[in-house]
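What follows is each chain in one-letter form.
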Amino acid sequence: MALTTLPTAAFATGSVGTSQLADGAVTTEKLVADVNFRNLIINGDMTVSQRGTTQTGVTSTAYGEWCDRWNFDASSAGTWTLSQSSTVPTGQGFGYSLKYDCTTADASLGASDYVALRTLLEAQNLQQLKYGTSNAESLTLSFWVRSNKTGTYIVWFYADDGNRTISKAYTINSADTWEKKTITIDGDTAGTINNDNGIGFRVNFFLGAGSNYTSGTLASSWQTDSNSIRAAGQVNLADNTANEWYITGVQLEVGTSASDFEFLPYDVNLQRCKRYFQRIWMNRSDNNFWGPQRYFDANNVILGETWFSPEMRTQPSFSYTGTPIIKNNGGGVTGWTGITGGQLSNTRAEVQFIKTGHGLTNSNTLAANLSDSSTFFKYDAEL
Amino acid sequence: MINLNKIISVTKNYSVPENIFDSYIVELENENPVHVPLNEANSDYQEILEWVALGNTITDNGGGE
């Protein structure tokens, strides 16, 4: 007989055993509320945006000046402004969302055109999914979404190592209203996720797709990937410049039900994002310390170094934005003919500044004026 | 992450002062150049491989900085 009330007296020490509480009596859903890092997606609450907070004129696949770890993925499907937005669902604890704003429409997508938002998950962090075994775990995706354009949208899940696909539809029912959506997918008993630092899993939110991606039957169960089964039924968010789409609170977790969003401290979120991208800058306008000087050529090259914290996923690419001013025992110098990376590793990298007759004098340290949000070094080890 | 369609040129880069070929410099449309390590796990390196597979050629100006 099931209990309907709890006894008011405390249970005696050692009085609750398997005869009172059978194995499996407490379901996983009742236990996960405080499990840390159950969200397989990094920066699902859109709090971290190292590259910047808004970027206009976005047309092709890129990471950019919006929320970290989220990749704009598109081919010839309008022009967009992407931003970290403060428009959020009321009373849910979120501070930011990611916004897609269509600025040049494409009302008639070509067969191979598409636009999407995606995040790529590192394979070695997904071994607990046990893909390719009879114990492959189900996954549940939950997120908050809002758009003026109602209708059917597709989330496409793709596991690279086995070339396996599954897609699920959700509906935006009410215009300009935050709605929480939950999608569950089965574990892939025939799939593969390698135990390495490559791409293990992609979560793709389609926002528009041409007939190459919609002409088949939606892949509602795991199967070998082909273009036509990815996005059948998807509306075209690119069809009007009035269109916009917001998302936040994205969580992917093991199991068949969605738990509350797992909020992590900002510093933890930032550290996790830095495995994939690091912005090196100092928010001081004076003679900022940047790093040790490793090599000095009075007539040509100065070379300094940076150590990464945390270690990056792999050897990163280097680039920069703005106009770095470099100093060492002398006045600030701009007009460098080359600012390039050197000896790039996942723990340390160098930057070499090239300018004939730069006029600086030898020193043990380099200072770089990277003092505003648009001037910084970029190290990119994204998936 | 660089976009294959925005690549103008790819040039071998030699480290200073060791003068060892250790990376590529990628010139892009409307962006600062990106410096890419020789590492297959780097997604930009993969883009360069694709760019070469399309018939493009990497420039080698030699070292000797």
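Calculation criteria
- Residues numbered from 1 in each chain as written.
- Chains lettered and ligands numbered in written order.
- Predicted model: local features only at pLDDT ≥ 70, side-chain atom pairs only at ≥ 80, totals over all residues.
- Heavy atoms only, no water.
- Contact = heavy atoms within 4.5 Å.
- Buried area = accessible area lost by both parts, 1.4 Å probe.
- Salt bridge = Lys/Arg side-chain N within 4 Å of Asp/Glu carboxyl O.
- Helix = DSSP H or I, 4+ residues; strand = E, 2+ residues; numbered from the N terminus.
- Nonpolar A, V, L, I, M, F, W, Y, C, P; charged D, E, K, R; others polar.
- Pairing = 2+ DSSP bridges.

Engineer: Even after reading the chapter, I still don't get the interface of chain B and chain A, so can you show me in this structure?
Structural biologist: Often the size quoted for an interface is simply the accessible area lost on bringing the parts together. Residue-level contacts link 22 residues of chain B with 31 residues of chain A. Taken together, the two surfaces of chain B and chain A that pack against each other cover about 2,000 Å², and 45% of this comes from carbon and sulfur. It is B:Met1, B:Val16 and B:His35 in chain B that bury the most area against chain A; as a group they hold 32% of the surface buried on that side. Counting the contacts that link chain B with chain A gives 0 salt bridges. If you list the elements that add at least two residues to the side of chain B that touches chain A, you get strand 2 (21–28), strand 3 (31–37) and helix 1 (43–53) of chain B. Residue composition of the side of chain B that touches chain A, by class: 10 nonpolar, 7 polar and 5 charged.

Engineer: Sorry, what's going on with the pattern of salt bridges here?
Structural biologist: Any two side chains of opposite charge can pair if their charged atoms end up close together. Residue and element names in this part refer to chain A. Following the criterion strictly, the structure yields 18 salt bridges over all chains and no others. Put simply, Arg51 and Glu382 hold a salt bridge, and the shortest N to O gap is 2.9 Å. Linking Arg51 in the segment before strand 1 (54–58) with Glu382 in the segment after strand 21 (376–380), this pair joins segments that are 331 residues apart in sequence. The salt bridge partner of Glu179 is Lys181, with a shortest N-O separation of 2.6 Å.

Engineer: Just to check I follow, could you spell out the sheet that holds strand 10 (residues 199–209) of chain A for this structure?
Structural biologist: Hydrogen bonding along the main chain pairs the strands of a sheet, whether they run parallel or antiparallel. Residue and element names in this part refer to chain A. Taken together, 6 strands build an open sheet; the order of strands is 2-5-10-7-8-11 and the sheet is antiparallel. Strands at the two margins of the open sheet, each flanked by one partner only, are strand 2 (71–75) and strand 11 (223–224). Sheet analysis places strand 2 next to strand 5 (residues 114–122), joined by 5 bridges and oriented antiparallel. The residue of strand 5 that forms the bridge with Ser75 is Tyr114.

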